[in-house]
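# Structure at a glance
Read off the chains here:
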Amino acid sequence: MNVTVWNENRHEQKNAVVSTIYPEGIHGALASFLKQDHSYVQTATLDDAENGLTDEVLKRTDVLVWWGHLAHDEVADEVVEKVKQRVYEGMGLIVLHSAHFSKIFKALMGTSCDLKWRIADEKERLWVIDPSHPIAEGIGEYIELEREEMYGEHFDIPTPDELVFVSWFEGGEVFRSGATFKRGKGKIFYFRPGHETYPTYHNKMIQKVIRNAVNWAGTPNVNTPVYGKGNNNRKN
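Below or above, wherever it landed, is the structure these notes cover. Every value quoted in this text rests on a predicted model; they were computed, and no experiment measured them.

Before going further, it helps to examine unusual backbone geometry. The step from Glu 153 to His 154 runs through a cis peptide bond, and the omega angle for that step is 15°. Take His 154: it is sitting in the loop between strand 6 (142-152) and strand 7 (162-169). Within the chain, Asn 9 stands out as a residue other than glycine whose phi angle is a positive 60°. Summarising the element assignment, Asn 9 is placed in the loop between strand 1 (2-7) and helix 1 (11-14). The class of Asn 9 is buried, set by a relative accessible area of 17%. Unusually for a residue other than glycine, Asn 51 sits at a positive phi of about 55°. Here Asn 51 shows up in the loop between strand 2 (40-45) and helix 4 (55-59). Accessibility expressed as a relative area gives 10% for Asn 51, which makes it buried.

The next point concerns the packing of helix 3 (residues 25-34) against helix 7 (residues 204-217). Running from amino to carboxyl end, helix 3 crosses helix 7 at an angle of 70°, the nearest separation of the two axes being 10 Å. Here helix 3 lies roughly perpendicular to helix 7, going by the angle between them. The segment helix 3 lies against helix 7, with Leu 30, Phe 33 and Leu 34 engaging Gln 207, Ile 210, Arg 211 and Val 214. Considering only residue class, the contact of helix 3 with helix 7 consists of 5 nonpolar, 1 polar and 1 charged.

What follows covers the pairing of strand 9 (residues 186-191). For strand 9, the buried fraction is high: 6 of the 6 residues fall into the buried class. Judged by which residues are buried, strand 9 turns out to be covered on both faces: Gly 186, Ile 188 and Tyr 190 on one side and Lys 187, Phe 189 and Phe 191 on the other are all buried. Relative to strand 9, strand 4 (residues 92-96) runs parallel, the two being bridged by 4 bridges. Bridging from a neighbouring strand, Ile 94 pairs with Phe 189 of strand 9. Sheet topology note: the strand 8 (residues 174-183)/strand 9 ladder contains 6 bridges and is antiparallel. If you follow Gly 178 over to strand 9, its bridge partner there is Phe 191. Connecting strand 8 to the antiparallel partner strand 9 that follows it, the hairpin turn spans 2 residues, and Gly 184 within it adopts a positive phi of roughly 60°.

Summarising the element assignment, Glu 12 is placed in helix 1. Of the polar contacts made by the side chain of Glu 12, one reaches the backbone nitrogen of Ile 26; its length is 2.8 Å. Here Glu 12 is in contact with Asn 7, Val 18, Ser 19, Tyr 22, Gly 25, Ile 26 and His 27, once residues within four sequence places are set aside.

Cut-offs applied
- Residues numbered from 1 in each chain as written.
- Predicted model: local features only at pLDDT ≥ 70, side-chain atom pairs only at ≥ 80, totals over all residues.
- Heavy atoms only, no water.
- Helix = DSSP H or I, 4+ residues; strand = E, 2+ residues; numbered from the N terminus.
- Buried < 20%, exposed > 50% of the residue type's maximum accessible area, 1.4 Å probe, protein only.
- Axes fitted to C-alpha atoms, helices over the stretch in contact; angles between N-to-C directions.
- Parallel < 35°, antiparallel > 145°, perpendicular 65-115°, else oblique.
- Contact = heavy atoms within 4.5 Å.
- Nonpolar A, V, L, I, M, F, W, Y, C, P; charged D, E, K, R; others polar.
- Pairing = 2+ DSSP bridges.
- Polar contact = N/O pair within 3.5 Å; in protein donor to acceptor, adjacent residues only side chain to side chain.

In short, shape yes, function no, at least from these values alone.
Shown next, in the form of structure tokens:
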């Protein structure tokens, strides 16, 4: 399976805390543990040519992992359209943390994807509510993070096809933090944790979820259906 990790790579250039936690960038941290499962893992960033997502890159990508926050609007509309078409064709898409506001996720969801948030160094528990799901394989009852940014309901997304994780925060809020969707032949997984000033992506259980999600999303749902006018001469 060929995996591409996309990151806007802006916080790492602006914030010393982020660059200390992720010296190779968030994309580098994600790619490093995904290489445990896949021999071909490449990274791409916003400032690369064509935002790093050229036709050649997308053609050979089976699963695209996406992290963004500061610069959603700087992603070219034509790149978003190409990514959307690749999802329809069967490319998997893993959308992380603040990429809920990315152009591509909003385009695929058809909603605002808005939510409540608060940065308060709060404990988060991600409760597994579908222990039979492949994305939850190897995870216990919950994952506990000592410090994370709070995301709270209402999360303006369509009803998920499957809900794998629900988060609870110290402030009392809950959030649908691990949700799957299908668009065309492509599988999509939104996973909430990953605020840039916390070492969330160094957590082995968070890494396990993302690794599971990439493996799950990498298999297209179905063969390409036949569309258009049917054959009136077909016999039973």
